[in-house]
Amino acid sequence: MAFDLAAIATARDRFLSPIGTRPVIMGIVNVTPDSFSDGGLFATRAAALAQAQKLVADGADIVDVGAESTRPGHTPLTAEEEWSRLEPLLAALVAEAGAPVSIDTYKAETARRALSLGVCLVNDVWGLQRDPLMAPTIADAGAAVVIMHNRETTDPGIDIVADIERFLACSLEIARRAGIPERHILLDPGIGFGKSREQNYEALRAVPKLLALGFPLLIGVSRKSLFKGLGDGGVLEGRLVGTLAADLLAARDGAQVFRVHDAAEHRAAFEVLRILSPRPGG
């Protein structure tokens, strides 16, 4: 299964080029029946494509497609089960979404198939450490990668920021050995993955420290349970308020990419941040 290296590079660089100049929005399209926020809503080709196009119209710079829920307590899928959800719609998304497309998977076989259809980035929630073929697959395709911190279990007693740093250092060494260029790598502290609520807050406070690793930082807090019960509306409304607040603070601290369900709201919020931010020499 061959890769169109030129097409992947064009889409990859279209996504990477604005990083560092403004907040970059990654829009979420879940084609799963059991995701915590939108399970089952975008499982068909037509619904997934419509959602992807809406996200792009609302300001998303890239569309991140996932076929396996990674919420706490999720049921793992085989690569074949995962691909059976992706195959009917992924080529259409790449061709018609209006923006680059990334694949949210930790399985090298799924990543390889997606990259062969023109996906330009792999968003790996296990940071290249779950499947030994993942890093070489990404390197061979010339794709970008999001390396995320994760843990099998939550341990409230550990120094979570130190754990994140150790994990990411290991992942970066895997990427280096596979030949993935540093300019193609983004890091993600893994908010909501193997962490207590307070550890999630600690990870968000640690954005400046994690940026010292030398890579763009992606933040994925959208609608997650650490914001449950906030606000005076329903659960999703409260989670959206928390998401926007956390993402604005992370952007102020230097995070560059934001994985979100609500692109229009984030585009507006980031514009306010731009307007109100101190100007050079001011």
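Residues numbered from 1 in each chain as written. Predicted model: local features only at pLDDT ≥ 70, side-chain atom pairs only at ≥ 80, totals over all residues. Heavy atoms only, no water.

Please clarify how the packing of helix H5 (residues 108-116) against helix H6 (residues 134-141) should be interpreted in this entry.
The angle between the axes and the distance between the axes are what describe a pair of packed helices. Their axes nearest at 9 Å, the elements H5 and H6 cross at an angle of 10 degrees. The pairing of H5 with H6 is recorded here as roughly parallel in orientation. Where H5 crosses over H6, the two elements pack in a sense that is right-handed. Here H5 contributes Ala108, Ala111, Arg112 and Leu115 to the contact with H6, which in turn contributes Met134, Thr137 and Ala141. (Axes fitted to C-alpha atoms, helices over the stretch in contact; angles between N-to-C directions. Helix = DSSP H or I, 4+ residues; strand = E, 2+ residues; numbered from the N terminus. Parallel < 35°, antiparallel > 145°, perpendicular 65-115°, else oblique. Left-handed = near helix turned anticlockwise from the far one by under 90°. Contact = heavy atoms within 4.5 Å.)

Mind showing me how you'd approach the layout of surface pockets here?
A probe matching the size of a water molecule, rolled over the atoms, marks out where space remains unfilled. Quantified by volume, the second largest pocket comes out at close to 420 Å³. Together, 18 residues line the second largest pocket, and Thr21, Arg22, Pro23, Phe270 and Arg274 are the ones closest to its centre. Looking at the lining of the second largest pocket, the elements that each hand over two or more residues are helix H10 (235-253) and helix H11 (263-276). In terms of residue count, H11 provides more of the lining of the second largest pocket than any other element does, 5 residues in total. (1 Å grid on protein atoms, 1.4 Å probe; cavity = no way out; pocket = protein on both sides within 12 Å on 5 of 7 lines; lining within 4 Å. Points joined across faces, edges and corners; volume = space filled by probe spheres on them.)

In this structure, what is going on with H11? I would like to understand it.
The α-helix advances 3.6 residues per turn, and as a result positions three or four apart in sequence lie on the same side. Relative to the 20 Å expected for 14 residues at 1.5 Å per residue, H11 spans 20 Å between its end C-alpha atoms, a close match to the ideal helical length. When we look at burial in H11, the residues that qualify are Ala263, His266, Ala269 and Phe270. One face of H11 carries all of its buried residues, which in axial projection span an arc of 130 degrees. (Expected span 1.5 Å × (residues − 1). Buried < 20%, exposed > 50% of the residue type's maximum accessible area, 1.4 Å probe, protein only. Arc of directions from axis to C-beta.)

Would you mind showing me how to read the packing of helix H3 (residues 79-86) against H5 here?
Running from N to C, H3 and H5 point in directions that differ by 30 degrees, and their axes come no closer than 9 Å. The orientation of H3 with respect to H5, classified from their angle, is roughly parallel. Handedness of the crossing formed by H3 with H5: right-handed. On H5, the residues touching Ala79, Glu80, Glu82, Trp83 and Leu86 of H3 are Glu109, Thr110, Arg113 and Ala114. Of the residues that constitute the contact of H3 with H5, the class distribution is 4 nonpolar, 1 polar and 4 charged. (Nonpolar A, V, L, I, M, F, W, Y, C, P; charged D, E, K, R; others polar.)

I keep staring at the pattern of salt bridges and nothing clicks. Help me out?
As a working rule, side chains carrying opposite charge can pair if their charged atoms are close by. All told, the structure shown has 21 salt bridges when counted by the stated rule. Among the ionic pairs, glutamate 165 bridges to lysine 209, the shortest N-O distance being 4.0 Å. In this pair, glutamate 165 sits in helix H7 (residues 160-178) while lysine 209 sits in helix H9 (residues 207-211), placing the two residues 44 residues apart along the sequence. Among the charged side chains, a network of salt bridges with common partners joins Glu80, Glu109, Arg112 and Arg113. (Salt bridge = Lys/Arg side-chain N within 4 Å of Asp/Glu carboxyl O.)

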